[in-house]
Amino acid sequence: MTDMQAERGDTSATLRINWSDPAIGARLARRKRRQFWLKGLGLAAISVAFAMLFILVGSLLSTGYQAFRQTHVAMEVRLDPAHIRADNPARGNFRAIVGEAVANLFPEIEDRADLRSATGIVSNGAQFIIRDRVVENPDLIGQTIRVEVPVSDNYDQLAKGLLDRDTPEEHRRLKDDEIARFDQLAEAGLISKPLNTALLTNADSRFPELAGLKGALLGSFYALMTCFLLAFPVGIGAAIYLEEFAPKNRISDLIEININNLAAVPSVVFGLLALAVFLGWFGLPRSAPFVGGMTLALMTLPTIIIATRAALKAVPPSIREAALGVGASRQQVVFGHVLPLAMPGILTGTIIGLAQALGETAPLLLIGMNAFITSAPETPFSSATALPTQIFIWADSPERGFVSRTSAAILVLLGFLIAMNALAIFLRSKFERKW
Amino acid sequence: MNDMTRLERKVDQKTIKISARDVQVFYGETHAIKDVSVDILDNTVTAFIGPSGCGKSTFLRCLNRMNDTIDICRVEGKIEMDGADIYAKRVDPVQLRAQVGMVFQKPNPFPKSIYDNVAYGPRIHGLASNKAELDEIVEKALRRGAIWDEVKDRLDEPGTGLSGGQQQRLCIARAVATAPEVLLMDEPCSALDPIATAQVEELIDELRRDYSVVIVTHSMQQAARVSQKTAFFHLGNLVEYGDTGDIFTNPEDPRTESYITGRIG
Ligand SMILES: Nc1ncnc2c1ncn2[C@@H]1O[C@H](COP(=O)(O)OP(=O)(O)OP(=O)(O)O)[C@@H](O)[C@H]1O
Ligand SMILES: [Mg+2]
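Residues numbered from 1 in each chain as written. Chains lettered and ligands numbered in written order. Predicted model: local features only at pLDDT ≥ 70, side-chain atom pairs only at ≥ 80, totals over all residues. Heavy atoms only, no water.

A.B. asks: So what exactly am I meant to see when it comes to the site of ligand 1 here?
C.D. replies: Residue and element names in this part refer to chain B. In the neighbourhood of ligand 1, 13 residues make up the surrounding shell, with Ser-52, Lys-56, Ser-57, Thr-58 and His-218 lying closest. Note that an oxygen atom of ligand 1 is positioned 3.0 Å from one of the backbone N or O atoms of Gly-55. Considering ligand 1 on its own, with 630 Å² of exposed area, one finds that the protein chains cover 63% of that surface. Examining the composition of the shell around ligand 1, we find that 3 residues originate from one element, helix α2 (residues 56–62), more than from any other. A per-class count over the shell around ligand 1 returns 5 nonpolar, 6 polar and 2 charged. (Near = heavy atom within 4 Å. Polar contact = N/O pair within 3.5 Å; in protein donor to acceptor, adjacent residues only side chain to side chain. Areas by Shrake-Rupley, 256 points an atom, 1.4 Å probe, with all protein chains shown as cover. Helix = DSSP H or I, 4+ residues; strand = E, 2+ residues; numbered from the N terminus. Nonpolar A, V, L, I, M, F, W, Y, C, P; charged D, E, K, R; others polar.)

A.B. asks: What exactly am I supposed to notice about helix α9 (residues 250–262) of chain A here?
C.D. replies: Residue pairs three or four apart in sequence face the same way in an α-helix, which turns once every 3.6 residues. For α9 of chain A, which comprises 13 residues, the first-to-last C-alpha distance of 18 Å matches the rise-based estimate of 18 Å (1.5 Å per residue) to within 8%. The N-cap of α9 of chain A, judged by a side-chain oxygen 3.1 Å from the amide nitrogen of Ile-251 of chain A a few residues on, is Asn-249 of chain A. (Expected span 1.5 Å × (residues − 1).)

A.B. asks: Explanation requested: the sheet that holds strand β1 (residues 72–78) of chain A in the structure shown.
C.D. replies: Strand-to-strand pairing in sheets goes through backbone hydrogen bonds, with the strands running parallel or antiparallel. Residues and elements named next belong to chain A. Here we have 3 strands laid out as an open sheet, ordered β2-β1-β3, and antiparallel in their pairing. With one partner strand each, in any of the chains shown, β2 (144–150) and β3 (191–192) form the two edges of the open sheet. Bridging between β1 and β3 involves 2 bridges; their strand directions are antiparallel. Paired with Val-73 across the two strands is Ile-191, which belongs to β3. (Pairing = 2+ DSSP bridges.)

A.B. asks: Explanation requested: the sheet that holds strand β9 (residues 229–234) of chain B in the structure shown.
C.D. replies: Residue and element names in this part refer to chain B. Taking strand neighbours across the sheet as the criterion, the 6 strands line up as β6-β7-β8-β3-β9-β10 in an open arrangement whose pairing is mixed. Here the strands that pair on one side only, and so sit at the sheet edges, are β6 (100–103) and β10 (237–243). Along the sheet, successive strands turn relative to each other by an average axial angle of 15°, direction set aside. Bridge count for strand β3 (residues 45–49) against strand β8 (residues 212–216) is 4 bridges, and the pairing is parallel. Considered in β8, the bridge of Ala-47 is made with Ile-215. (Axes fitted to C-alpha atoms, helices over the stretch in contact; angles between N-to-C directions.)

A.B. asks: Explain the pairing of β3 of chain B to me, please; I cannot follow it from the model alone.
C.D. replies: All names here are of chain B. Among the 5 residues of β3, 5 are classified as buried, and the element is accordingly described as predominantly covered. The side-chain alternation of β3 yields two buried faces, one formed by Val-45, Ala-47 and Ile-49 and the other by Thr-46 and Phe-48. One ladder, built from 4 bridges, connects β3 with β9; its direction is parallel. Paired with Ala-47 across the bridge in β9 is Thr-230. (Buried < 20%, exposed > 50% of the residue type's maximum accessible area, 1.4 Å probe, protein only.)

A.B. asks: Got a minute to help me understand the pattern of salt bridges in this structure?
C.D. replies: Pairing is possible between side chains that carry opposite charge, provided their charged atoms lie close to one another. All names here are of chain A. On inspection of all chains with the given rule, the structure shows 30 salt bridges over all chains. A salt bridge links Asp-114 to Arg-181; the nearest nitrogen and oxygen atoms lie 3.8 Å apart. Of this pair, Asp-114 sits in helix α3 (residues 112–119) while Arg-181 sits in helix α6 (residues 176–187), and the two are 67 residues apart along the sequence. Exposure remark for Asp-114: the relative accessible area of 30% places this residue in the partly exposed category. Given the relative accessible area of 9%, Arg-181 is considered buried. Residues Arg-172 and Asp-176 are paired through a salt bridge, measuring 2.9 Å at the closest nitrogen-oxygen approach. For Arg-172, a relative accessible area of 8% corresponds to the buried category. (Salt bridge = Lys/Arg side-chain N within 4 Å of Asp/Glu carboxyl O.)

A.B. asks: Would you mind showing me how to read the domain arrangement of chain A here?
C.D. replies: As a measure of interface size, the accessible area lost when the parts come together is often cited. Residue and element names in this part refer to chain A. Domain assignment breaks chain A into domain 1 (68–196) and domain 2 (214–431). Placing the centre of domain 1 and that of domain 2 at their C-alpha centroids yields a distance of 45 Å. In this complex, domain 1 contributes 7 residues to the contact, which on the side of domain 2 involves 6 residues. In total, about 490 Å² of surface goes out of reach between domain 1 and domain 2, with carbon and sulfur atoms giving 47% of it. Here domain 1 and domain 2 share 0 salt bridges between them. Linking domain 1 with domain 2 are 2 residue pairs in polar contact (both at pLDDT 80 or more). Of the residues that constitute the side of domain 1 that touches domain 2, the class distribution is 1 nonpolar, 3 polar and 3 charged. (Domains from an automatic or database assignment. Contact = heavy atoms within 4.5 Å. Buried area = accessible area lost by both parts, 1.4 Å probe.)

Shown next as C-alpha cells:
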C-alpha cells in the first residue's frame, strides 16, 4: 500500500501458450513419469507392509491355534470316603483318588512302575479339578462321578500330532508303551479335544495344560485402569494449562520441548525410574499392577498431553471468539466450548496411548511383573503379571506346550490392541468435527 | 433500501455513546492504530472503511476489549463509554463484552442447538431466573435477529445446520440476547450472498433504533446504504470521519477520495 495509485495491470496482454511446442510435451511426459514412479513406490511400500503383517499373523495363527483346544481324558472317579473327610473336603487325598481312577482305566496293568507311568497321562492338575468339584458339592463324597480332565503336556502334543511317532524311541519324549496306552484310551473314545477355556480362566502354571492368562489379563486390566486414572486427568490438566493459560515465554517453551522429548524416551528408562522411585523410595510392593500402572502412566502422559494440545489447537478460533464475544470468561470458553469440541481428539489420543501402554513390556519387567504367580490378583496391589510379561515368561519356558500358548497369548494381546484401536477410529469418525 | 435514502439522511444531534481519544494499538512492535480519536453516537450506524490491513478490525476490537485476549496486543489512550473509561482497572472485560456485543466476519455459531446458541449469553450472565424467562429472551433475540420465523419450529436443531445467512442472523440474535448497548460488526456480510446481505442490512437498520451499531465493511455501497456516519482508516490513521453522505459525495482528504473512487484498496 506504499503506492497509493496502484498500477492497474494491462489486461489486454494475456498469456499465450503454444501447445504444439515440443518442450511442453516433454515436460508433461516427465511429470507423468514421475507420478507413475511415486505411485509405484507407494504401492510397493504398502504391499511390503501388508506382506509382513500377513506373515506375522499367519505364523502366530498357525502355531497358536493349537492352544485354543486342550486334550482331555474322561475318567470314572470314585470319591472314596477313605480319602476325603466330609468335614474338611479340601484336605482329602485326591492324588490317590486320581491314581485309583487311572488304575480303573487300565485294569490289566499290575506293575507299579507301569501304573505310575500311566498316571502320567493325566495332568497333575486333575486332582485339583476333582477337589474343587467336591468342595463345591460335598454330597458327592462316596459317589462315583465322571470327569473330564486335561492330559499332561506330552500327551496333549501327541494328540495334536506335534509329537512325531516316527522318531526313534530314545529321542522321543514318550516311550512306545506310553503311546500305546494313550492310543488304547483314544480307541475307547475317552479322549476329546474341547475348547481350551482354561486359557482364559486359569492363572499361570508350571504345567502348560493348566496355564492360563487370567492373572495376566487382570494384571493388565488393573495396570491400564491405574494408568488411565492417573494419566488422563493429569495429562488433560497439563495440556489445558499449557495450551490455554500458560504465558508463552522461555519457560513454557522449555517445558514444551521437554514433554516432546519425554515422549521419545525409551520405555525401559521409565522402568528404571519406577524401580528407583516407586519401589526404592516409596517402598511400594513389587510386581503390583498398581505400580505397573503408575509406570505406564509416566510413559503415557506425554502422549496424552501432546494429543490433547493438538486437539485443543484444532478447535477453530472462531468458536473461542464467539464465546468471548458474548462475554464468556476464559474458563467458560475453555471448559464450555473448546474442551467438549476437542474431546474426540483427546479420547482418540488417550486410547492410542493406552494401547501402547498395554503392549509395553520393558518397564514392567523392571518392576518385577514377570514373576511366576499362580493365582489371579485380587486387588491392584497383589502380585501379578501383565499380558506382555506373561508372553515373555511363556516364551522363555522349556515345555513344548508353551510354544503354542505363547502364540495364543500374543493373539489375545493383538486382539485387545485391535479392539482398542478400532474404538479410537470409531470415536474419531463418530464425532468428526461438525462445524 | 436504495440510494434514495442517502438524500433524506440527516444526522440529528445525538448523544455520544463511545468516545475514543488518542488511541494507540501495538502488536508487539507493530504500531497498528495511531492516534485515533472518534466519537461514536448512540442510535447510529457507524461504518469503518479503509483498505485491508489499515486497522479497522483492530480498532473495533478495542471497543469491547477483545484485544485483551491477544497476548502481544497493547492498547493505549482513552476509550469511554457513557463517560466511563472502559479500560479502567475495575472494569471487568467479560462484563463489558456482554454490554458491547460483537458479530464476526464468518458466521460462527456454537456447535449446539439454535436455542442454546442464543441462550448461552443470558445463561452465563444470569439474565433469566427461570426457563420461561429464558425462553422469552431467546424468542425476543431471535425476533430481533429477524430469524424467528425461520427457526421457531426447529430450535433444537444445531445452529451449524443453518444456511450462511441464517447463521449470521443467528449470531446477531446471539449478540443481542445479552441486551447490549453497542453492537460491533466486523464485515458481517462478507460471507453472504446478495439476498442474505440485504436481509442483514435491513436488520442493521432496524437495530439502530435500540443500539449504537459499528460496522466494518469493504463494500462502499454497503457503507453508503446502512450507515449514517463513516470513518475512513488508512495505515492505522483515522483519516476522515463524518456524515456518510459527506464522506461519499464530498470527501475532504484526497486519500479518502482515492479510496472511494477505487484507486487504493
Ligand atoms: N493478532 C495480531 N498479531 C499481530 N499483528 C496483527 C494481529 N492482528 C492484526 N495485526 C496487524 O495489525 C494491522 C491491522 O490489522 P487489522 O486486522 O485491524 O486490519 P483490517 O483493517 O481489519 O484489515 P481487513 O480489512 O483485511 O480485515 C495489520 O498490519 C495486521 O498485520
Ligand atoms: Mg478486519
